[in-house]
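The lines below spell out each chain.
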Amino acid sequence: MAVVSRGALVAVLTGGGLLVVVGCALALVFEVQGFGVPRDAEPRTWHVLGYATGALAGVLVPTVTACVLLPRGRRWVAGAGAVLAAAVVVALLGVTT
């Protein structure tokens, strides 16, 4: 596999991971706020754990893939994706809570 195709694979996984993180973070916020459940119900533990695991996987999968596939000089792609995903989650939680 050439370096260009490896970089393209990492870029696609990073973009997909960012979408997964945003989706899981939104679902987690809705779960904590009680959207779609009876008024007196607490957040469902298994749903919260599932959304948190999904958000974590959305960051870890592209990062690990970049560390395995890319040469040392290009690993900044994984770091940039992880920082961007974390910034989106922090901004999303800060705005909605």
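So, here's what we can say about the structure. By convention here, each chain's residues receive numbers from 1 onward along its written sequence. It should be noted that, the model being predicted, local features are given only for residues of pLDDT at least 70 and side-chain atom pairs only at 80 or more, the latter also being counted only at that level, while totals for whole chains, interfaces and linings use all residues. As a rule here, side-chain values cover all heavy atoms of the structure and leave hydrogens and water aside.

**Observations concerning the overall build of the protein**
Scanning the protein from N- to C-terminus turns up 3 helices and 0 strands. When the helices and strands of the protein are read in sequence order from the N terminus, they spell out α-α-α. Buried, partly exposed and exposed residues are distinguished by accessible area as a fraction of the type maximum, computed with a 1.4 Å probe on protein chains only: under 20%, between the cut-offs, and over 50%, respectively. When each of the 97 residues of the protein is scored for burial, the buried share is 23%. The long-range share in the protein, meaning contacts at least 24 apart out of those at least 6 apart in sequence, stands at 70%. For the accessible areas, the method is Shrake-Rupley and the probe is 1.4 Å, while residue cover comes only from the protein chains on display. Accessible surface for the protein amounts to roughly 6300 Å². Of this, 73% is attributable to carbon and sulfur atoms. Helix numbering and strand numbering both begin at the N terminus, where a helix is a DSSP run of H or I of at least 4 residues and a strand a DSSP run of E of at least 2. Whether two residues touch is decided by their heavy atoms; if any such pair falls within 4.5 Å, the residues are in contact.

**Digging into a nonpolar patch on the surface**
Nonpolar side chains collect at one region of the surface, where Leu56, Leu60, Val64 and Val68 lie side by side and expose about 390 Å² of accessible area between them. Here valine 64 lies in helix 2 (residues 45–69). Surface patches are drawn from residues lacking salt bridges whose relative accessible area is over 30%; two like charges belong together within 9 Å, two nonpolar side chains (Val, Leu, Ile, Met, Phe, Trp, Tyr) within 5 Å. Any carboxyl oxygen of Asp or Glu within 4 Å of a side-chain nitrogen of Lys or Arg constitutes a salt bridge here.

**Overview of the pattern of salt bridges**
What the rule picks out here adds up to 1 salt bridge. Here arginine 44 and glutamate 31 are joined by a salt bridge, their closest N and O atoms 2.8 Å apart. In this pair, arginine 44 sits in the loop between helix 1 (3–33) and helix 2 while glutamate 31 sits in helix 1, placing the two residues 13 residues apart along the sequence. What makes glutamate 31 buried here is its relative accessible area of 6%.

**Side note on the environment of glycine 15**
Relative to the helices and strands, glycine 15 resides in helix 1. Distance from glycine 15 to proline 62, taken between C-alpha atoms, is 8.8 Å for residues 47 residues apart in sequence.

**With respect to the packing of aromatic side chains**
A pair of Phe, Tyr and Trp rings is counted when the ring centres sit within 6.5 Å of each other, with Trp represented by its six-membered ring. The angle between the planes then sorts it: under 30 degrees is stacked, over 60 is edge-to-face, the rest tilted. Under the counting rule described, the total for this entry stands at 1 aromatic pair. Centre to centre, the rings of phenylalanine 30 and phenylalanine 35 are 5.2 Å apart; their planes meet at 35°, and the pair counts as tilted.

**Considerations on helix 2**
To estimate how far a helix should extend, the number of its residues minus one is multiplied by 1.5 Å. Under the 1.5 Å per step criterion, the end-to-end length of helix 2 is 36 Å for 25 residues, consistent within 8% with the ideal 36 Å. Among all positions of helix 2, only Gly54, Ala55, Gly58, Pro62, Thr65 and Ala66 are buried.

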